[in-house]
Amino acid sequence: MSDGSGGSDGTRAGTGGEADRRPSGRVDVCVIGSGPAGALVAATLARRGRDVVVLEAGRRFDPAERLRQMERSIRPGGGSVWEMGGARDAFTSPGERRYPLNAARVKGVGGSTLHWQGMVMRLHELDFERRTREGVADDWPIGYDDLAPYYARAERELGVAGAVDDPFAPPRDGPFPMPAFPPSYGDSLFADACERLGVAMHSVGNARNSEAYDGRGPCVGYGTCKPVCPSGAKYTAEVHVAEAEAEGARVVDRAAVQRLEHGDSGEVVEAAVYATPDGEEHRQEARRFVVACGGVETPRLLLLSASDRHPDGLANSSGLVGRYFMDHLFAGVGGRLDEPTRQNHVGFITSECHQFYDDPGRATRGIPGTDADVGSIKLEFLNYAGPSPVEMALGAEEWGDDLLSVLREAYGNEIAMGALVGQLPRRENRVALDRSRTDDHGNPVPAIHWRIDDRTKRTIERANEIQRAILSELGVEITWTVGPENTGPAFHHMGTTRMGTDPEESVVDSTLRTHDLDNCWIASSGVFVTSGAMNPTLTIAALALRVADHVDETL
Ligand SMILES: Cc1cc2nc3c(=O)[nH]c(=O)nc-3n(C[C@H](O)[C@H](O)[C@H](O)COP(=O)(O)OP(=O)(O)OC[C@H]3O[C@@H](n4cnc5c(N)ncnc54)[C@H](O)[C@@H]3O)c2cc1C
Ligand code: SF4
């Protein structure tokens, strides 16, 4: 470790207010944020012998508490088990659509992976070339081939259970680190209907252990993966935080970075100024900085770091910091079947269909095509349609035999499909600062300006059409649809610090270094140029490993 006041095991920050949160001396790398992006950067650089300090705004949650958190999470009215909300997390949502930001993130050591579902898949080659191939959005400055080796490394780091059975997947060199979870009972119900319609089902990549892996045990089927896995089978970024620390990095919790300060030239960041619970402000100096605060807080921190030299915020000479905010939208159809569907026995998705990803308008044997302009669709066969008997019982007003008959009547026949649909990057969708409202430190809060465009709405309708065809073929009495009017976000914040070759059209270059600052990189889905329709975290992890390589090369 470096020669600062912190840095040994004895001074490592813990959960309590008594931890030593004073800065270390000038270190090699200061990473801001300990979600999967920050934790992977920190662990990779620490393994290579670099002096690393991680500053994390949230606190450490004790793994020994997970069972209690799980119990709390299934009780009605239990609130956020990850303590989101309140002054620290204040935000506004002045756009056309309200964005439920605090349901969509966690601030704590491990970031949003504390709460996530753990579905991990690679983007398709097409996602990197939407402008060239489809004439929409923009191309990334890197292609799928650049990321393929990092995707393979990311799958090993996170521990992904999967099978090479997806005929629509991009090329890959080898198998997954662990075998896929077997298809659920619900999947077996869908199988015949999909076969008749010419719809392919295949496994899903899951960042949860199907067998013992990396010192963690296999999934034991609590079924509460989201918001909390008590067994440790689901990957959280705490895995890489622990590894970073074991390799000598220092991770300081409850150290919310207020702003980045640059040197006289305005071209390098000198220090991250952070606040601690005792009301102190400290400066952590470093040779390199990696901002990994997620897709909303990363642009906010850059905007909060405005100076005389950079009056519109750091790394913002393009004026694009915060712009092109994207999320995936949910589309779903569900109903009841005249036979048991065994829902909520499995807490995650075991089968998907990526057939409508590259070619969403395609016809199948049983589903008519469309030539409407629509985007990628990722179809999901859900295993948790309708509430579980436990959830129903905990929320019920009846007792004893009356409760039993309510449960018998309501549970058993629900079935449903979901889908993710991508959004095109649009300049007007953005994260900005709302100066009329401040957080617990007096900083302007993030304002999410979010609107869903017509092409996205058409894509959701197309997803519903395919879902209805499959459920009808199965004989389901359809009772609900989540369509373009009542859709919601999938909690994947993308696009707000986009990557590109032209400094006037992007915030970071193809190595994810900011165009404006020589020693500052961004590891986040904020750098995505397009959203695709795949859950983003495997791509975030692959990019973080790549950032670590680039930072390491410059040290
Ligand atoms: C309910 C839910 C389900 C999800 N399911 C999936 C899924 O199945 N598959 C998938 O791919 N993705 C999923 N996601 C998304 C996934 O969790 C995120 O993509 C991922 O966690 C982002 O990683 P990150 O490291 O960029 O940011 P985060 O995980 O958001 O971590 C950022 C960290 O930075 C810290 N921070 C922020 N500002 C500051 C500051 N100023 N100073 C210091 N620290 C700061 C935060 O406290 C946080 O800990 C889900 C998310 C949610 C909420
Ligand atoms: S089903 Fe598996 S991954 Fe999900 S909470 Fe239970 S043990 Fe964890």
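Cut-offs applied
- Residues numbered from 1 in each chain as written.
- Chains lettered and ligands numbered in written order.
- Predicted model: local features only at pLDDT ≥ 70, side-chain atom pairs only at ≥ 80, totals over all residues.
- Heavy atoms only, no water.
- Helix = DSSP H or I, 4+ residues; strand = E, 2+ residues; numbered from the N terminus.
- Rg over C-alpha atoms; globule rule 2.2 N^0.38 Å.
- Buried < 20%, exposed > 50% of the residue type's maximum accessible area, 1.4 Å probe, protein only.
- Contact = heavy atoms within 4.5 Å.
- Areas by Shrake-Rupley, 256 points an atom, 1.4 Å probe, with all protein chains shown as cover.
- Lys, Arg positive; Asp, Glu negative; His and termini not counted.
- Charge placed at Lys NZ, Arg CZ, Asp CG, Glu CD.
- Core = buried A, V, L, I, M, F, W, Y, C linked by side-chain atoms within 4.5 Å.
- Axes fitted to C-alpha atoms, helices over the stretch in contact; angles between N-to-C directions.
- Parallel < 35°, antiparallel > 145°, perpendicular 65-115°, else oblique.
- Left-handed = near helix turned anticlockwise from the far one by under 90°.
- Nonpolar A, V, L, I, M, F, W, Y, C, P; charged D, E, K, R; others polar.
- Pairing = 2+ DSSP bridges.
- Near = heavy atom within 4 Å.
- Polar contact = N/O pair within 3.5 Å; in protein donor to acceptor, adjacent residues only side chain to side chain.

1. Looking at the overall build of the chain
Then comes step 1: Each helix and strand in the chain was counted, giving 11 helices and 15 strands.
Then comes step 2: Taking 2.2 N^0.38 as the reference for a compact globule, 555 residues should give roughly 24 Å; the C-alpha atoms of the chain span a radius of gyration of 23 Å, in line with that estimate.
Then comes step 3: Scored against the burial criterion, the 555 residues of the chain give a buried share of 59%.
Then comes step 4: When contacts within the chain are restricted to residue pairs at least 6 apart in sequence, those whose partners lie at least 24 apart make up 74%.
Then comes step 5: As presented, the chain carries roughly 21,000 Å² of accessible surface, and 46% of it is formed by carbon and sulfur atoms.
Then comes step 6: In the chain, 59 side chains carry a positive charge and 83 a negative one; their mean positions are 2 Å apart.

2. As for the nonpolar core
Then comes step 1: Leu55, Trp140, Leu158, Leu260, Val290, Met499 and Leu543 are the most contacted members of the largest nonpolar core, which totals 97 residues.
Then comes step 2: Per-element tally for this core: the top contributor is helix α11 (residues 537-554), with 10 residues.
Then comes step 3: Setting aside residues no more than four positions away along its own chain, Leu260 makes contact with Ile32, Val269, Ala271, Ala272, Val291, Leu301, Leu302, Ser305 and Leu314.
Then comes step 4: Formed by 37 residues, the second largest nonpolar core is a distinct cluster that contains Val333, Ile377, Phe381 and Ile415.

3. A word on the packing of helix α5 (residues 185-197) against helix α10 (residues 454-474)
Then comes step 1: It is at 9 Å that the axes of α5 and α10 come closest, and there the two elements cross at 110 degrees. When the interaxial angle is binned, α5 and α10 end up roughly perpendicular. Regarding α5 and α10, the two cross each other, and that crossing is right-handed. On the side of α5, the interface is formed by Leu189, Phe190, Ala193, Cys194, Arg196 and Leu197, while α10 contributes Ala469, Ile470, Leu471, Glu473 and Leu474.
Then comes step 2: Across the contact of α5 with α10, the residue classes break down as nine nonpolar, no polar and two charged.

4. Some remarks on the pairing of strand β12 (residues 430-438)
Then comes step 1: Summarising the sheet, β12 and strand β13 (residues 444-449) pair through six bridges and their orientation is antiparallel. Each residue of the ladder has a partner; that of Ala432, found in β13, is Ala447.
Then comes step 2: In sequence, β12 turns back onto β13 through a hairpin of five residues, with Gly442 there showing a positive phi of about 80 degrees.

5. Considering the site of ligand 1
Then comes step 1: By nearness alone, 37 residues border ligand 1, and Glu56, Ser112, Met119, Val257 and Thr537 come closest of all.
Then comes step 2: Ala57 places a polar main-chain atom, nitrogen or oxygen, 3.0 Å from a nitrogen atom of ligand 1.
Then comes step 3: Between ligand 1 and the protein, one listed contact pairs an oxygen atom with a backbone N or O atom of Pro536 at 3.4 Å.
Then comes step 4: Expressed as a share of its isolated accessible area of 1,000 Å², the protein-covered part of ligand 1 is 94%.
Then comes step 5: Going through the elements one at a time, α1 (36-47), β5 (256-262), α7 (294-304) and α11 are the ones with two or more residues in the shell around ligand 1.

6. Here's the deal with the sheet that holds strand β14 (residues 477-482)
Then comes step 1: Pairing is antiparallel across the open sheet formed by six strands, whose spatial order is β3-β9-β10-β11-β8-β14. Of all the strands in the sheet, the pair left with one neighbour each is β3 (202-203) and β14.
Then comes step 2: Here five bridges tie strand β10 (residues 377-381) to strand β11 (residues 414-421), and the two strands are oriented antiparallel to one another. Following the sheet pairing, Phe381 is matched in β11 by Met417.

7. Observations concerning unusual backbone geometry
Then comes step 1: Cis peptide bonds are those with omega within 30 degrees of zero, and the linkage from Lys226 to Pro227 qualifies with 25 degrees.
Then comes step 2: Considering the arrangement of structural elements, one finds Pro227 in the loop between β3 and α6 (238-246).
Then comes step 3: Here the phi dihedral of Arg254 falls at roughly 45 degrees; this positive angle occurs in a residue that is not glycine.
Then comes step 4: Relative to the elements of secondary structure, Arg254 occurs in the loop between β4 (250-252) and β5.
Then comes step 5: Judged by relative accessible area, which is 30%, Arg254 ranks as partly exposed.

8. Some thoughts on the site of ligand 2
Then comes step 1: The immediate surroundings of ligand 2 are formed by Arg208, Cys219, Val220, Gly221, Tyr222, Gly223, Thr224, Cys225, Cys229, Ser231 and Lys234.
Then comes step 2: Tallied by class, the residues present in the shell around ligand 2 amount to five nonpolar, four polar and two charged.

9. Some remarks on the pairing of strand β7 (residues 281-291)
Then comes step 1: Alignment of strand β1 (residues 27-32) against β7, held across five bridges, turns out to be parallel. Paired with Val31 across the bridge in β7 is Val290.
Then comes step 2: One ladder, built from five bridges, connects strand β6 (residues 269-275) with β7; its direction is antiparallel. In the strand pairing of β7, Tyr274 is matched with His282.

10. Topic: the side chain of His262
Then comes step 1: Tracing the chain through its elements places His262 in strand β5.
Then comes step 2: Within the local environment of His262, its side chain forms a polar contact with the side chain of Ser307, the two groups lying 2.7 Å apart.
Then comes step 3: Excluding its chain neighbours within four sequence positions, the residues that come into contact with His262 are Val268, Val269, Glu270, Ser307, Arg309, His310 and Leu314.

11. Focus: the environment of Ile522
Then comes step 1: Within the element layout of this structure, Ile522 appears in strand β15 (residues 520-522).
Then comes step 2: Residues Ile522 and Arg216 lie 306 residues apart in sequence; the distance between their C-alpha atoms is 30 Å.
Then comes step 3: Aside from chain neighbours lying at most four places away, what touches Ile522 is Val291, Thr298, Leu302, Thr497, Val507, Val508, Leu512, Thr514, Val527 and Val547.

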